[in-house]
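An overview of the molecular structure
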Amino acid sequence: MKRTVEAPPNPRPLPLRLPRLCVAIVGSDPADMIANAINVVREESFMEFRLDYLKQPLAALNALRDFLHTYPHLVAIATCRRAANGGKFRGPVADQMEVLRKAQAAGCQIVDVELESALTLKPAEIANLCSRGSLLLSFHDFKATKDLEAIFQKMQQIRADYYKVVTTATCLYDNVRMMKFLEDKSRDYSVIGVCMGEQGVISRVLGLRAGSAFSFAAATAGGETAPGQITARHLRDVYRVDQLDPATRIYGVAGDPVGQSLSPQMMNAALRRENVNAVYLPLHALSVEDLVECVRAVPIQGVSVTMPHKESIVKFLDGTDLWTQKTGACNTLVRGKDGRLFGYNTDVAGVLRPLEQRFPLMGAKVLVIGAGGAARAAVYGLKERGSEVFIINRTPAKGMKLAKDAKVNYLGRADLKKYQFDVIINATPVGMDGVQTPLGEKEIKATFVFDMVYRLLETPFTRAARAAGAQVIPGYEMFVQQGVQQFQIWTAKPAPANEMQNVVLAAINLNKPAESAAPDNPQPEKPVAEKPPVEKPQAEKPKAEKPQAEKPKAVAAKAAAAKAAKPKAVKPKAGKSKAENPKTEKSKGAKPRADKSPAAKSKAKKNK
Ligand code: NAP
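A short tour of the structure in this document, coming up. (Residues numbered from 1 in each chain as written. Predicted model: local features only at pLDDT ≥ 70, side-chain atom pairs only at ≥ 80, totals over all residues. Heavy atoms only, no water.)

1. Description of helix 14 (residues 373-384)
The terminal C-alpha atoms of helix 14 lie 17 Å apart, and with 12 residues this matches the ideal 16 Å at 1.5 Å per residue to within 8%. Turning to helix 14, its buried residues number three or more, namely Ala375, Arg376, Ala377, Ala378, Val379, Tyr380, Gly381 and Leu382. Looking at the packing, one finds that the buried side of helix 14 touches helix 12 (322-327), helix 13 (347-356), strand 15 (365-369), strand 16 (388-392), helix 15 (396-406) and strand 18 (421-426). The first or second residue beyond helix 14 is Gly386, which carries a positive phi of 90 degrees. (Helix = DSSP H or I, 4+ residues; strand = E, 2+ residues; numbered from the N terminus. Expected span 1.5 Å × (residues − 1). Buried < 20%, exposed > 50% of the residue type's maximum accessible area, 1.4 Å probe, protein only. Contact = heavy atoms within 4.5 Å.)

Pasting the structure below:
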């Protein structure tokens, strides 16, 4: 006999405090939707059933009622959003309301009605919905984050139990707007606020801290119902959303792109391990001005700055360390209590540590491939440690300029065969594709090869190096070491380096098939070519004017030499925050920016 949907004998009550995360449940048909709910029911107690994803939403309600009766602890939202308002339901508002009323009868305690539909309803219809459960009034902007106050005023025409405002972040500062809105409105209303999109990811975590009644999450990877949505497991395990409170300090990695960065996994693991009440988030920053505004307003206590902002951030700093001054690049930002910004460069320590763990740097003959930010960290750090540094670069003029500035040697590629190096460092992205290598096997004459490319355990360059008899230093060691230094600068605690390395290695192994099948499926290596100079470059006289083929230097002999030398170290002082004690005060020519300066604002606006 066909069952009809009836109100359950005892209306399912809402708990006094809702769980922090509501997972969105979708499915291709009713059975698939319920199966997806069953898959997560052991971990999740708050679900949003997206009935609009089904061809016939009404056909799912018997199964939904049975499911909810089986799991009486569950809190369920029914959503049947119309296509005109960003959902998938193609029927008129009357049919949408029928689905929602019947979903209430099936046991869903909350129904989501979008503002556009609600405004067409008669007060009696709204009252009817409210009498059977809770009404969540929702607003969505799939393009931007506009005047949130005006949106809320409009929403208040309808009396609802929850007000949900979902917009799209087109810059990091949109998250700040959302958080201010939540802080303000959550005093008097149950509000939920989220910014969609990659730039809105931080709102999914920080919104909870700002007063959002709860946040939405995907039940599984691939089951996202909104751009930028994160899985509930990731929000709990990596960002520890269940432990967030107003005292939680905020850190992040800023760059463009930033989605693939392993820093959030590595740094959150370290923060958890050391019991630091802090969270580390991906900050997709299209402009450095937007980043600085966001850092000041949230506030964010520390940022790992990555491509392409390492150099452009320097002009916003109120103080820098020696390495930032020397390299002109900052990868670590610290916001002091007074809002002043200090910059450090831990890439230098990231390059030096893996090398000096293997051989003394004093007197070592080092070839650096590249002339960008990472190459500069290597060149200046090694020069400071007393190494003899050589540079080659695709664009000779850039390599020559760096060689001249750092007072080291520039080599043409053809001259490489005359040298034997202690280590060759790849400071270019060549090899990230798993195909190209900056040097061919025959060009590698070195005891060690250090590939800064860190998302592959084996690159074409490291394969060629092994074939040439060199020992390999993997790029993840640098990645971990620069993170270790950042952790120490921010927390004044020793970093759990082993834990950090394990997390990175696990992530690299996990991503291996998607990244490249390089180690298991070697491709013929493709050495990249040097760019022919566009115009005749100014002949810089390399220091080694008459290069001679050199014999490998004995590492043991150098150890003795290095003992005699005392290299300068970049060491954060434990127990004393560097933010309040920068090595160098305000760098020359650097202009501290006033919070939300008109220039910064107009640039940020342009970015939107
Ligand atoms: P960057 O400032 O953009 O510099 C890139 C350098 O690579 C330039 O010298 C550029 O030569 C050269 N290059 C780019 N594409 C090339 C190609 N197809 N063939 C030959 N040379 C090429 O970048 P960066 O910040 O220095 O970063 C370089 C690499 O180091 C990236 O892969 C980055 O992921 C890695 N890195 C790793 C770590 C770590 O922790 N392991 C830390 C920092 C950076 P031109 O001058 O001719 O443009």
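2. A closer look at the packing of aromatic side chains
Across all of its chains, the model carries 16 aromatic pairs by this definition. Centroid distance Phe152 to Phe181: 5.7 Å. Interplanar angle 75 degrees. Geometry classified as edge-to-face. Here Phe181 lies in helix 7 (residues 173-185) and Phe152 lies in helix 6 (residues 148-155), a separation of 29 residues in the sequence. For Phe152, a relative accessible area of 1% corresponds to the buried category. (Phe/Tyr/Trp six-rings, centres within 6.5 Å; stacked < 30°, edge-to-face > 60°.)

3. Describing the pattern of salt bridges
Following the criterion strictly, the structure yields 23 salt bridges and no others. Residue Glu499 pairs with Arg273 through a salt bridge whose shortest N-O separation is 2.8 Å. With Glu499 in helix 18 (residues 497-515) and Arg273 in helix 10 (residues 263-273), the pair connects residues that are 226 residues apart, well separated along the chain. On the basis of relative accessible area, Glu499 is assigned to the partly exposed category, the value being 25%. On the accessibility criterion, Arg273 (52% relative accessible area) is exposed. Each of the salt bridges in this network shares a partner with another, and the network as a whole consists of Glu149, Asp184, Lys185 and Arg187. (Salt bridge = Lys/Arg side-chain N within 4 Å of Asp/Glu carboxyl O.)

4. Focus: the sheet that holds strand 17 (residues 409-410)
Pairing is parallel across the open sheet formed by 6 strands, whose spatial order is 17-16-15-18-20-21. Two strands in the sheet have a free side with no partner beyond their single neighbour: strand 17 and strand 21 (471-473). Two elements, strand 20 (residues 446-451) and strand 21, share 3 bridges in a ladder whose sense is parallel. Its bridge partner lying in strand 21, Val449 is registered against Val472. (Pairing = 2+ DSSP bridges.)

5. Structural notes on the sheet that holds strand 4 (residues 110-114)
Strand pairs in the sheet, formed through backbone hydrogen bonds, run parallel or antiparallel to each other. Pairing within the open sheet is parallel, and its 8 strands lie in the order 7-6-5-4-3-2-1-8. With partners counted over all chains shown, the strands left at the sheet margins are strand 7 (191-196) and strand 8 (215-218), one partner each. Each strand axis lies, on average, 25 degrees off the axis of its neighbour in the sheet, ignoring direction. Judged from the 5 bridges that link them, strand 2 (residues 46-50) and strand 3 (residues 75-79) form a sheet pairing that is parallel. Paired with Glu48 across the bridge in strand 3 is Ile77. (Axes fitted to C-alpha atoms, helices over the stretch in contact; angles between N-to-C directions.)

6. Observations regarding the site of the ligand
Every one of the 22 residues lining the ligand counts as a neighbour, but Ala371, Ala374, Asn393, Thr395 and Met452 are closest to it. Interatomic distance of 3.0 Å between a backbone N/O atom of Gly373 and an oxygen atom of the ligand. Within the side chain of Asn393, an N or O atom sits 2.8 Å from an oxygen atom of the ligand. Considered on its own, the ligand offers 920 Å² of accessible surface; in the complex 81% of this is hidden by protein. When residues of the shell around the ligand are traced back to their parent elements, those giving at least two are helix 14 and helix 17 (475-491). Looking at the shell around the ligand element by element, the count peaks at 3 residues for helix 17. Counted by class, the shell around the ligand contains 12 nonpolar, 7 polar and 3 charged residues. (Near = heavy atom within 4 Å. Polar contact = N/O pair within 3.5 Å; in protein donor to acceptor, adjacent residues only side chain to side chain. Areas by Shrake-Rupley, 256 points an atom, 1.4 Å probe, with all protein chains shown as cover. Nonpolar A, V, L, I, M, F, W, Y, C, P; charged D, E, K, R; others polar.)

7. Some details on the pairing of strand 18
Within strand 18, 6 of the 6 residues are buried, which leaves the element mostly enclosed by the surrounding structure. Here strand 15 runs beside strand 18; their pairing, made up of 4 bridges, is parallel. Within the sheet, the bridge partner assigned to Leu367 lies in strand 18 and is Ile424. The pairing of strand 18 with strand 20 spans 5 bridges and is parallel. Counterpart to Phe421 in the pairing with strand 20 is Ala446.

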